[in-house]
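Descriptive structure summary
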Amino acid sequence: AQLVESGGGLAQAGSSMRLSCTVSGLRVSVYALGWFRQAPGKERELVATINWNGGTTIYGDSVKGRFTISRDNAKNTVALQMNGLKPEDTAIYYCAATDETGLARQRADEFIFWGRGTQVTVSS
């Protein structure tokens, strides 16, 4: 399996950014997908996760109301729309896929496949 993130970069506080992840080598339609992030010196944390058909989404407390996760199973992609960016959103953002149950998971250790990450830097 291969997960490739794109769309990261430098943004100003208050602006928006959209991340995308393309998945190959998996039957994407049966896997839950998620976004995690890790800032320097901090543990990897959940940003958002979405179940196999997009009917269930779970967000980390720090991004609720600002970020939106979505998926397109026909295109094998999952996206993260980030609005109202804050300097504390600065981190490497990782796309991940869990198992074939398709259930939305929240812990990083429940995800099996990972992308290499994309850097998001938000300046004040």
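Since the model is a prediction, treat every value here as computed from it, not as a measurement. (Residues numbered from 1 in each chain as written. Predicted model: local features only at pLDDT ≥ 70, side-chain atom pairs only at ≥ 80, totals over all residues. Heavy atoms only, no water.)

Looking only at helices and strands, the chain has zero helices and eleven strands in total. Along the chain, helices and strands appear, N-terminal first, in the series β-β-β-β-β-β-β-β-β-β-β. The principal-axis extents of the C-alpha atoms in the chain amount to approximately 40 × 25 × 25 Å. Every one of the 124 residues in the chain was classed for burial, and the buried ones make up 41%. Sequence separation of at least 24 residues holds for 59% of the intrachain contacts in the chain that already meet a minimum separation of 6. Of the accessible surface of the chain, which amounts to about 6,200 Å², a share of 47% is contributed by carbon and sulfur atoms. Within the chain, the 11 negative side-chain charges are centred at a point lying 4 Å from the centre of the 13 positive side-chain charges. (Helix = DSSP H or I, 4+ residues; strand = E, 2+ residues; numbered from the N terminus. Buried < 20%, exposed > 50% of the residue type's maximum accessible area, 1.4 Å probe, protein only. Contact = heavy atoms within 4.5 Å. Areas by Shrake-Rupley, 256 points an atom, 1.4 Å probe, with all protein chains shown as cover. Lys, Arg positive; Asp, Glu negative; His and termini not counted. Charge placed at Lys NZ, Arg CZ, Asp CG, Glu CD.)

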